[in-house]
Amino acid sequence: QVQLVESGGGLVQAGGSLRLSCAASGRTISTGIMGWFRQAPGKERECVAAISWVARNTYYADSVKDRFTISRDNAKNTVYLQMNRLKPEDTAVYSCAAVYGTSRIPTNDGAYSYWGKGTLVTVSS
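### Thoughts on the overall build of the chain
- Across its full length, the chain carries 0 helices and 11 strands.
- For the chain, the sequential pattern of α-helices and β-strands runs β-β-β-β-β-β-β-β-β-β-β.
- Compactness check: the chain gives a C-alpha radius of gyration of 13 Å against a globular reference of 14 Å for 125 residues, within 12% of the reference.
- Summarising its shape, the C-alpha atoms of the chain cover approximately 40 × 25 × 25 Å along the three principal directions.
- For the chain, the proportion of its 125 residues judged to be buried stands at 45%.
- Contacts spanning at least 24 positions in sequence make up 60% of the contacts within the chain whose residues lie at least 6 apart.
- Put simply, the chain shows about 6500 Å² of open surface, and 46% of that area lies on carbon and sulfur atoms.
- Mean positive and mean negative side-chain charge positions of the chain (14 and 9 charges, respectively) differ by 6 Å.

Pasting the structure below:
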C-alpha cells in the first residue's frame, strides 16, 4: 500500500505562487509515475502534471504549461508541484496520485492506483 499526503494549499492572489508537496509512504516513488490532478466545483477531475520514473519524462496540461513545474525528490519520497502566475481558474482541490508498473504516463485518473485526500488551492482575483 502507498499512502500519499498533500500539503501546501491555501489562499493566494492572482499572479502569486504556491508549492504543493506530496509525501509518500509505504513504497518508494522512484519506480512509480506520480501525478497531480485537480478538480474544480462542477468540473471533472483533470491531470495537470505528471512525472515518470524515467528521467526527464513529464506531462503538463496545456492550461498550466510554462506556469507549473512538477519535480520529485526520491530521497525524501516526495513529489512537488510548483505553481507560478496563478489564475482564478486554477482554483480547485489538488490531489496527488501514483501508479506503478508502467513507463508511459497516463493522464486519465482511472489509471492511477493510489490517491491522497487533496489540498485546496484558492486563487482570488
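### Observations regarding the pattern of salt bridges
- Applying the stated criterion across every chain, the model contains 5 salt bridges.
- A salt bridge links Glu46 to Arg38, with the nearest nitrogen and oxygen atoms 2.7 Å apart.
- For Arg38, a relative accessible area of 7% puts it in the buried group.
- Its salt-bridge partner being Asp109, residue Arg45 comes within 3.2 Å of it at the nearest N-O pair. Here Arg45, found in the loop between β4 (32-39) and β5 (46-51), pairs with Asp109, found in the loop between β9 (92-100) and β10 (114-115); they are 64 residues apart in sequence, far enough to count as distant.
- For Arg45, a relative accessible area of 33% puts it in the partly exposed group.
- We classify Asp109 as partly exposed; its relative accessible area is 29%.
- By sharing partners, the salt bridges in this structure join Arg38, Glu46, Arg67 and Asp90 into a single network.

### Quick notes on the nonpolar core
- The biggest cluster of nonpolar side chains holds 31 residues, and the ones touching the most others in it are Leu4, Met34, Trp36, Ile70, Leu81, Met83 and Tyr94.
- When residues of this core are traced back to their parent elements, those giving at least two are β3 (18-25), β4, β5, β7 (68-73), β8 (78-83), β9 and β11 (119-124).
- Setting aside residues no more than four positions away along its own chain, Met34 makes contact with Leu4, Ile29, Ala49, Ala50, Ile51, Ile70, Arg72, Val79, Cys96, Ala97, Ala98 and Tyr112.
- Counting residues in hydrophobic clusters, the runner-up holds 8 residues, among them Phe37, Cys47, Ala50 and Ile105.

### Details of the side chain of Arg72
- Examined against the element boundaries, Arg72 turns out to sit in strand β7.
- The charged side chain of Arg72 is buried without a salt bridge, its nearest counter-charge being Asp73 at 8.7 Å.
- Among the polar contacts listed, one links the side chain of Arg72 to the backbone oxygen of Ser52, at a separation of 2.8 Å.
- In contact with Arg72, other than residues within four places in its own chain, are Ile29, Ser30, Gly32, Met34, Ile51, Ser52, Trp53, Thr78 and Val79.

Conventions adopted
- Residues numbered from 1 in each chain as written.
- Predicted model: local features only at pLDDT ≥ 70, side-chain atom pairs only at ≥ 80, totals over all residues.
- Heavy atoms only, no water.
- Helix = DSSP H or I, 4+ residues; strand = E, 2+ residues; numbered from the N terminus.
- Rg over C-alpha atoms; globule rule 2.2 N^0.38 Å.
- Buried < 20%, exposed > 50% of the residue type's maximum accessible area, 1.4 Å probe, protein only.
- Contact = heavy atoms within 4.5 Å.
- Areas by Shrake-Rupley, 256 points an atom, 1.4 Å probe, with all protein chains shown as cover.
- Lys, Arg positive; Asp, Glu negative; His and termini not counted.
- Charge placed at Lys NZ, Arg CZ, Asp CG, Glu CD.
- Salt bridge = Lys/Arg side-chain N within 4 Å of Asp/Glu carboxyl O.
- Core = buried A, V, L, I, M, F, W, Y, C linked by side-chain atoms within 4.5 Å.
- Polar contact = N/O pair within 3.5 Å; in protein donor to acceptor, adjacent residues only side chain to side chain.

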